[in-house]
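Listed below are the residues making up each chain.
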Amino acid sequence: MGIDDEEITWLFCIRRTLMQMLRDRNYLVEDCEINMTKQQFIDANHAQKMRKYPTTLYFTAAKRNDDSDQDSSGVDNMLRPSMKAIVVFKEKLPNINKLRRQCGAEIFQEEELLVNVTEHALVPKHEVLTEEEKKALLEFYNISDSQLPWIRTTDPIARYYGLRRGQVVKITRHSELEGQSVIYRCCSHS
């Protein structure tokens, strides 16, 4: 079964967004993976690898600060304890939240990964705070994380960064009238 040019373009965009997303989550992804051209994608036979299974794309990558010498990224790699699985489904699934909880992997539909949501002109800069930064923020304002505005785990940005309940994200907006404003949001369940 061959893959036509439209599907190759589709898969190329998905792979690039996945690479960007993994790098933004502090995974080891080299620049050449993100800057890969469509022709390099075709030459490396990635489209066929991504369509090895008819309905899903499995993708794993090693986290930074991982002392092992595991592959930095790859399609169809075996899962390892220090790796996280991201499963991308071609068709829509009716009980996707239930499946997410059952298998422990992050699940995306291909349409969600065609475009990197963080690169949209209307999306402000988001930075996920470390536990130390979160603690310092809460101590500085003398508040608890429940007093911060929420961002739901189902929000596209929260999904992009893989936010979990209790994590805090710093959002920096730029405006011609106000200049720069910063807001913090705490991730909550959907």
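Counting restarts for each chain: residues are numbered from 1 in the order of the written sequence. The predicted nature of this model means local features are confined to residues of pLDDT at least 70 and side-chain atom pairs, given and counted, to a pLDDT of 80 or more, with totals for whole chains, interfaces and linings taken over all residues. Derived side-chain values reflect all non-hydrogen atoms in the structure, with water molecules and hydrogen atoms excluded from consideration.

UniProt positions are given in the numbering used here, feature names are shortened, and annotations may be inferred rather than shown by experiment. Turning to the protein, the UniProt record has this under Sequence similarities (unreviewed entry): "Belongs to the archaeal Rpo5/eukaryotic RPB5 RNA polymerase subunit family." As its UniProt record puts it under Subcellular location (unreviewed entry), the protein is described as follows: "Nucleus".

Q: I tried to follow the overall build of the protein on my own but got confused; where do I start?
A: On a plain count of helices and strands, the protein comes out with 7 helices and 8 strands. Here, residues are in contact when the closest pair of their heavy atoms is within 4.5 Å. Taking the intrachain contacts of the protein between residues at least 6 apart in sequence as the baseline, contacts between residues at least 24 apart amount to 59%. Only DSSP runs of H or I reaching four residues or more are called helices, and only runs of E reaching two or more are called strands; each is numbered from the N terminus.

Q: Is there a simple way to think about the layout of surface pockets in this case?
A: Unoccupied space between atoms shows up once a probe the size of one water molecule is rolled over them. Volume-wise, the second largest pocket comes out at about 340 Å³. Lining the second largest pocket we find 14 residues, and of these Arg25, Lys63, Val128, Tyr161 and Gln167 sit closest to its centre. Any residue that is not Ala, Val, Leu, Ile, Met, Phe, Trp, Tyr, Cys, Pro, Asp, Glu, Lys or Arg is counted as polar, Gly included; the first ten are nonpolar and the last four charged. Across the lining of the second largest pocket, the residue classes break down as 4 nonpolar, 3 polar and 7 charged. In this structure, the lining of the second largest pocket is formed jointly by two domains, domain 1 (5-112) and domain 2 (125-188), each of which donates at least three residues. Using a 1 Å grid laid over the protein atoms alone, points where a 1.4 Å probe fits but cannot get out form a cavity; open sets with protein on both sides within 12 Å along at least 5 of 7 lines form a pocket; any residue with an atom within 4 Å of a point counts as lining. Grid points are joined across faces, edges and corners, and a volume is the space filled by probe spheres set on the points. Per the annotation, domain bounds derive from an automatic or database assignment of domains.

Q: Got a minute to help me understand the pattern of salt bridges in this structure?
A: Pairs may arise between side chains of opposite charge once their charged atoms sit close together. Counted as salt bridges are all cases of a side-chain nitrogen of Lys or Arg within 4 Å of a carboxyl oxygen of Asp or Glu. Inspection of every chain in the model, using the stated rule, returns 8 salt bridges. When the shortest N-O distance is used, the salt bridge between arginine 23 and aspartate 31 registers 3.5 Å. Owing to a relative accessible area of 49%, aspartate 31 belongs among the partly exposed residues under this scheme. Linking lysine 134 and aspartate 145 is a salt bridge whose minimum nitrogen-to-oxygen distance equals 3.2 Å. On the criterion of sequence distance, the pair formed by lysine 134 in helix α6 (residues 131-141) and aspartate 145 in the loop between α6 and β6 (150-152) is long-range, its members being 11 residues apart. Salt bridges here are not isolated pairs; linked through shared partners, they connect Arg25, Glu106 and Arg164. For each residue, the accessible area found with a 1.4 Å probe, counting protein chains only, is set against the maximum for its type, and the residue is called buried under 20%, exposed over 50%, and partly exposed in between.

Q: Got a minute to help me understand the environment of threonine 17 in this structure?
A: Summarising the element assignment, threonine 17 is placed in helix α1 (residues 5-24). According to the relative accessible area criterion, threonine 17 is buried, its value standing at 3%. Each C-alpha atom of the pair threonine 17 and valine 117 lies 9.0 Å from the other, and the pair is 100 residues apart in sequence. Once you skip the residues sitting within four places of it in the chain, threonine 17 turns out to touch Leu113, Leu114, Val115 and Asn116. The definition of a polar contact used here is a pair of N or O atoms within 3.5 Å, where within protein one atom must be able to donate a hydrogen and the other to accept one, and adjacent residues in sequence count solely through side-chain atom pairs. A polar contact is formed between the side chain of threonine 17 and the backbone oxygen of leucine 113, at a distance of 2.8 Å.

Q: Would you mind going over α1 with me for this structure?
A: An α-helix turns once per 3.6 residues; consequently, residues spaced three or four apart project the same way. One less than the number of residues in a helix, times 1.5 Å, gives the span that helix is expected to have. Counted at 1.5 Å a residue, the expected span for α1 with its 20 residues is 28 Å, and the 29 Å between its end C-alpha atoms agrees. One or two positions beyond α1, positive phi appears at asparagine 26, with a value near 75 degrees.

Q: How should α6 be read in this particular structure?
A: Inspection of α6 places Lys134, Leu137 and Leu138 among the buried residues, and these make up the whole buried set. Down the axis, α6 shows its buried residues gathered within 95 degrees of arc, on one side only. Turned more than 90 degrees away from the buried face of α6 sit Glu132, Lys135, Glu139 and Phe140, all of them exposed. In this structure, the buried side of α6 is in contact with β7 (168-175) and β8 (179-188). Two residues or fewer after α6 comes asparagine 142, characterised by a positive phi angle close to 55 degrees. What the arc measures is the spread of directions leading from the helix axis to the C-beta atoms.

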